[in-house]
Amino acid sequence: RAKDSGRGTWRLFDRTMDRHLEDRRGLQRDIKRALRDGQLFVEYQPVIALATRRIVGLEALVRWDHPERGIISPGDFIDIAERVGLVGAVTAYVLAESVSFAATLPPGIAIAVNLSPLHLRDAWLVDQLSAIIEAGGIGAGRIEFEVTESAVLETEGRTLDNLHRLRALGCRIAIDDFGTGYSSLATLRRFPFDRLKIDRSFISNLERSDSDAPIVKAMIDLGQTLGLRVTAEGVETEHHAAILAIYQCDDCQGFLFSPPVRREQIVELFATGHTVTGMAVACDRR
Ligand code: C2E
Ligand code: MG
Ligand code: MG
Ligand code: MG
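Residues numbered from 1 in each chain as written. Chains lettered and ligands numbered in written order. Predicted model: local features only at pLDDT ≥ 70, side-chain atom pairs only at ≥ 80, totals over all residues. Heavy atoms only, no water.

For the protein, an unreviewed UniProt entry supplies the name EAL domain-containing protein and the organism Acidiphilium acidophilum.

Next comes the structure, spelled out in structure tokens:
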């Protein structure tokens, strides 16, 4: 009996796996069409300086408006794009959108674009990205590239070389989801980072008494000691913001201020000084 139910479980599991694999194969076929037919779009999440509640930047986050499946989040298709060799094309699209939007925004506002670890090893990366920035006619300083901690662990020469070359162009570099990987302190020093972004998993339990608060404080101090600007991700409550302000964290991002939103809502934010959650923030209008 136990054996039977065991096999039954396996069969159920197998079928779920099959469906999952089928789904992914479907997505692989569709992603080329998505790029061609303009099904991808970008949302932007404001980055806010904690001390002044001034908007200092935006992060570009890609989404896929799939004709049958609705909106698909990047976590569900970026790795597929990587596997079929299309992540460079996705990034090129997101960067081109971001560059054209940045050109309409006050010069102090930079837009952050996420880079995939796979793409980061590409020999053509810098030529491809710099051409897009140049074509948009904005200064390279308006673009920041985010790379995850796991990406930089692949300390293959090319990754490091590409990051140095992007920085030499004038772009800024951020280490994303910090605290979730295994980068050593030496990595932090060896790579040309301008910003450290603390992963949101550390922020979400700041309210609990046995929380990660001391770790968060240590990460802020570490980043700032190394001369980096520090951003906290996933700031959802005033309580989070208050603790981070006490620790003198530089910037924050999260649902408290605004989820990622469409371009029009960011334009609205600059016109009114109010985020979609109704939060008042200071912004340079010119
Ligand atoms: P990320 O770069 O760490 O982006 C932050 C993620 O946290 C976003 O999820 C954002 O919507 C979410 N988030 C922001 N504030 C809050 C909050 O207060 N609470 C909670 N619970 N979540 C919050 P999203 O848009 O689903 O993106 C997931 C990941 O996909 C990103 O993580 C990034 O690694 C990747 N990604 C997004 N766009 C791109 C892209 O254009 N290229 C590449 N290569 N990766 C991308
Ligand atoms: Mg990011
Ligand atoms: Mg992140
Ligand atoms: Mg994250």
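Picking up after the structure, the text goes on.
Peer 1: Any details on the environment of V99? Residues and values, ideally.
Peer 2: With respect to the helices, strands and loops of the structure, V99 is situated in helix α3 (residues 87-102). Expressed as a C-alpha distance, the spacing of V99 and A110, which sit 11 residues apart in the sequence, is 9.5 Å. (Helix = DSSP H or I, 4+ residues; strand = E, 2+ residues; numbered from the N terminus.)

Peer 1: Please provide a residue-by-residue account of the coordination of the magnesium ion (ligand 2), values included.
Peer 2: Surrounding the magnesium ion (ligand 2) are the protein donor atoms E59 (OE), N114 (OD1), E146 (OE) and D176 (OD), at 2.0 to 2.3 Å. As a motif over one chain, the donors of the magnesium ion (ligand 2) read E-x54-N-x31-E-x29-D. Taken as an interatomic distance, the gap from the magnesium ion (ligand 2) to the magnesium ion (ligand 3) is 3.8 Å; D176 donates to each of them. Of this pair, E59 sits in strand β2 (residues 54-66) while N114 sits in strand β4 (residues 110-114), and the two are 55 residues apart along the sequence. For E59, a relative accessible area of 5% puts it in the buried group. N114 gets classed as partly exposed once you look at its relative accessible area, which sits at 27%. (Donors = N, O, S within 2.8 Å, 3.2 Å for Na, K, Ca; no water. Buried < 20%, exposed > 50% of the residue type's maximum accessible area, 1.4 Å probe, protein only.)

Peer 1: Explain the site of ligand 1 to me, and be specific about the residues and the numbers.
Peer 2: Lining the immediate environment of ligand 1, one finds 22 residues, of which R63, D176, R200, E236 and F255 sit closest. Take Q45: an N or O atom from its side chain is 3.0 Å from a nitrogen atom of ligand 1. Within the side chain of R63, a nitrogen or oxygen atom sits 2.8 Å from an oxygen atom of ligand 1. Burial of ligand 1 by the protein amounts to 83% of the accessible area it has alone, namely 800 Å². Mapped by element, the contributors of at least two residues to the shell around ligand 1 are β2 and β6 (172-178). Per-element tally for the shell around ligand 1: the top contributor is β2, with four residues. Considering only residue class, the shell around ligand 1 consists of nine nonpolar, five polar and eight charged. (Near = heavy atom within 4 Å. Polar contact = N/O pair within 3.5 Å; in protein donor to acceptor, adjacent residues only side chain to side chain. Areas by Shrake-Rupley, 256 points an atom, 1.4 Å probe, with all protein chains shown as cover. Nonpolar A, V, L, I, M, F, W, Y, C, P; charged D, E, K, R; others polar.)

Peer 1: Could you give an account of the pairing of β4, naming the residues involved and the relevant values?
Peer 2: Across the five residues that make up β4, a large majority, four, are buried. Examined bridge by bridge, β2 and β4 share four bridges and lie parallel to one another. Along β4, the bridge assignment pairs G57 with A110. Note that the unit made of β4, helix α4 (residues 125-136) and strand β5 (residues 143-148) has a crossover that is right-handed. (Pairing = 2+ DSSP bridges. Right-handed = clockwise from strand over helix to strand, strands pointing away.)

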